[in-house]
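Chain by chain, the residues:
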Amino acid sequence: MKVDIDTHFHTPLSKCCHDPAATIENIAAILAARGYRLIAVTDHVWSHPTVAPNEWYRRHSESGTLAQADYIHAHAAEFPLTVLAGCEADMQAPGVFGFSPAMREKLDLIMLSSDHFQLRDFVEQPAEVTPKNLAKLMMKFFLSAVRESGADILTHPLYTNSYDEFFDRTMDCISDAELSDALGEAAERKIALELNAGLFRAAVQGRYQWDSMVRIFTLAKQAGCKFTMGTDAHKLSDFDLAPLCGKMADQAGITEADLYDFSRFTSKR
Ligand SMILES: [Zn+2]
Ligand SMILES: [Zn+2]
């Protein structure tokens, strides 16, 4: 499939983006020239009434995200393609989601991570790191995100982030039936799943089996899920990874008709 949307990338508002050229204007211009129709800006944020951010999230304020959304909406007509205001919100544990009603109200898209296990000092960890424990925890996070979060998109769903070497064996612990049931719930609740190019690059680099991911997305397609695509770019050159999303879509049988319906945004242009 030819990729013409990107609903996941970071600008310098995210402290992990060190490319000063990765501005919304530059990204919009580059991707419009490549024939894209829609992008969403998704910088990191944590906002919760009682759960304080960790050191890293302290530098990503809700006010910054809301101000960015105002900026995007104010300049919408000047961008050469549809630009949506989104975020990459996080989940500390099942039932604990880091985005506020004000964000839900103002942002076009709430994208939620249900597996940022690399944040060791913040996101719940398995008691002991084994494939079986990771499988249990990952599924618990996923189902909670699907059932309780109210997010629009789950980014890089069902991945053992930072426990890459455990991923294939973790997936071996989850049966097709269990996986299909969970994915079916995502379909039912209309939470889109993201094809994440950054994650697919890890497979190309040999950190896990590409086919483990094809299995997830094939079952997701069969379960009736909707999908979106994102590079998770942290610098301009990362946008070149986009074809990996198209390749995964093709192998999983995902077509244009299976993409998340963005028409409520594009019809405004
Ligand atoms: Zn992420
Ligand atoms: Zn990201």
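Below you will find a few notes about this structure. Every residue gets a number counted from 1 within its own chain, in the order that chain's sequence is written. A letter from A marks each chain and a number from 1 marks each ligand, given out in the order of writing. With the structure being a predicted model, the display of local features is reserved for residues of pLDDT at least 70 and the display and counting of side-chain atom pairs for 80 or more, all residues being used for whole-chain, interface and lining totals. Hydrogens and waters are ignored; side-chain quantities use all the structure's heavy atoms.

### Things to note about the overall build of the protein chain
Let me state the cut-off plainly: Each helix is a run of H or I in the DSSP string that is no shorter than four residues. Each strand is a run of E no shorter than two, and both are numbered from the N terminus. Taken over C-alpha atoms, the radius of gyration is set against a globule rule of 2.2 Å times the number of residues to the power 0.38. Here, residues are in contact when the closest pair of their heavy atoms is within 4.5 Å. Computed with a 1.4 Å probe, the accessible areas rest on the Shrake-Rupley method; for each residue, only the protein chains presented here act as cover. We treat Lys and Arg as the positive residues and Asp and Glu as the negative residues; His and chain ends play no part in the count. Where a charge lies is defined by one atom per residue type, namely NZ (Lys), CZ (Arg), CG (Asp) and CD (Glu).
Regarding its fold elements, the protein chain presents 11 helices and 10 strands. Its C-alpha atoms give the protein chain a radius of gyration of 17 Å, within 12% of the compact-globule value 18 Å for 269 residues. Principal-axis analysis of the C-alpha atoms places the extent of the protein chain at approximately 50 × 40 × 35 Å. Considering only contacts in the protein chain between residues 6 or more positions apart, those separated by 24 or more positions represent 79%. Surface accessibility of the protein chain: about 10900 Å² in total, with carbon and sulfur atoms responsible for 53%. For the protein chain, the distance from the average position of its 26 positive side-chain charges to the average position of its 37 negative side-chain charges is 1 Å.

### Considering the environment of Phe122
One can find Phe122 in the loop between strand S7 (111-113) and helix H5 (131-148). Here the alpha-carbon distance between Phe122 and Leu183, two residues 61 residues apart in the chain, equals 26 Å. For Phe122, the contacting residues outside a window of four places in its chain are Trp46, Val51, Ala52, Pro53, Asn54, Tyr57 and Gln92.

### A few points about the coordination of the zinc ion (ligand 2)
The condition that has to hold: Ligating atoms shown are N, O and S within 2.8 Å of the metal, or 3.2 Å for Na, K and Ca, and water is not included, meaning a site may look less than complete. Any site counts as irregular unless it has four donors with all angles between 85 and 135 degrees, making it tetrahedral, or four or six donors with opposite ones more than 155 degrees apart and the rest between 65 and 115, making it square planar or octahedral. Accessibility here uses a 1.4 Å probe with only protein chains present; expressed as a share of the type maximum, an area under 20% marks a residue as buried, one over 50% as exposed, and anything in between as partly exposed.
With distances of 2.0 to 2.2 Å, the protein atoms coordinating the zinc ion (ligand 2) are His8 (NE2), His10 (NE2), Glu88 (OE) and Asp232 (OD). Between the 4 donor atoms coordinating the zinc ion (ligand 2), the angles at the centre fall across 80 to 169°, so the site counts as irregular. For the zinc ion (ligand 2), the donor residues sit on a single chain with the sequence spacing H-x1-H-x77-E-x143-D. Taken as a pair, the zinc ion (ligand 2) and the zinc ion (ligand 1) show a spacing of 3.8 Å, with Glu88 coordinating each metal. Remark: Asp232 occurs in the loop between strand S10 (227-230) and helix H10 (243-252) and Glu88 occurs in strand S4 (residues 88-89); sequence separation between them is 144 residues. Given a relative accessible area of 1%, Glu88 falls into the buried group.

### Some thoughts on the sheet that holds strand S1 (residues 5-6)
Threshold: In this analysis, strands are considered paired if DSSP registers two or more bridges between them. For helices, the fitted axis covers only the stretch in contact; all axes are lines through C-alpha atoms, and the angles between them, taken along N-to-C directions, range from 0 to 180 degrees.
An order of S1-S2-S3 is seen for the 3 strands of this open sheet, with the pairing classed as parallel. Each end of this open sheet is capped by a strand with a single partner; those strands are S1 and strand S3 (82-85). Sheet topology note: the strand S2 (residues 38-41)/S3 ladder contains 4 bridges and is parallel. Residue pairing across strands places Ala40 opposite Leu84, the latter belonging to S3. Against the sheet, helix H1 (residues 24-33) makes contact with S1, S2 and S3, and its axis sits at roughly 160° relative to S2, the strand it touches most. Relative to the sheet, helix H3 (residues 62-74) contacts S2 and S3, its axis offset from that of S3 by approximately 155°.

### Observations concerning the packing of aromatic side chains
Counted only if it meets this: Pairing of aromatic side chains here covers Phe, Tyr and the six-membered ring of Trp, requires ring centres within 6.5 Å, and sorts the geometry by plane angle: under 30 degrees stacked, over 60 edge-to-face, intermediate tilted.
With the rule as written, the count across this model stands at 14 aromatic pairs. Relative to Phe122, the ring of Trp46 lies with its centre 4.8 Å away and its plane at 90°, an arrangement referred to as edge-to-face. One end of the pair, Trp46, is in the loop between S2 and helix H2 (55-58); the other, Phe122, is in the loop between S7 and H5, and 76 residues separate them in sequence. For the pair formed by Trp46 and Phe122, the shared burial category is buried.

### With respect to the pattern of salt bridges
Put simply, the test is: Counted as salt bridges are all cases of a side-chain nitrogen of Lys or Arg within 4 Å of a carboxyl oxygen of Asp or Glu.
For the coordinates displayed, the defined rule picks out 12 salt bridges. Here Glu55 makes a salt bridge to Arg58, at a shortest N to O gap of 3.3 Å. Placement of the pair is Glu55 and Arg58 together in helix H2, with a separation of 3 residues, close to one helical turn. Each member of the pair, Glu55 as well as Arg58, carries the same accessibility label: exposed. Put simply, Arg215 and Asp176 hold a salt bridge, and the shortest N to O gap is 2.9 Å. A residue pair is termed long-range when its members are at least 10 positions apart, and Arg215 in helix H9 (residues 210-222) and Asp176 in helix H7 (residues 176-188) qualify at 39 residues. Among the residues examined, Arg215 registers a relative accessible area of 23% and is labelled partly exposed. A residue is classified by how much of its surface remains accessible, and Asp176, at 41% relative accessible area, is partly exposed. A single salt-bridge network, built from bridges that share partners, covers Arg147, Glu185 and Arg189.

### Re the layout of surface pockets
Which entries qualify depends on this criterion: We place a 1 Å grid over just the protein atoms. Points where a 1.4 Å probe fits but has no way out form a cavity, open points with protein on both sides within 12 Å along at least 5 of 7 lines form a pocket, and any residue with an atom within 4 Å of a point lines it. Grid points are joined across faces, edges and corners, and a volume is the space filled by probe spheres set on the points. Classification used: nonpolar for Ala, Val, Leu, Ile, Met, Phe, Trp, Tyr, Cys and Pro, charged for Asp, Glu, Lys and Arg, polar for all others including Gly.
In this structure, the largest pocket spans a volume of roughly 480 Å³. Taken together, 22 residues form the lining of the largest pocket, with Gln118, His156, Asn161, Asp232 and His234 sitting closest to its centre. The element that contributes the greatest number of residues to the lining of the largest pocket is helix H8 (residues 197-204), accounting for 4 residues. Across the lining of the largest pocket, the residue classes tally to 6 nonpolar, 11 polar and 5 charged.

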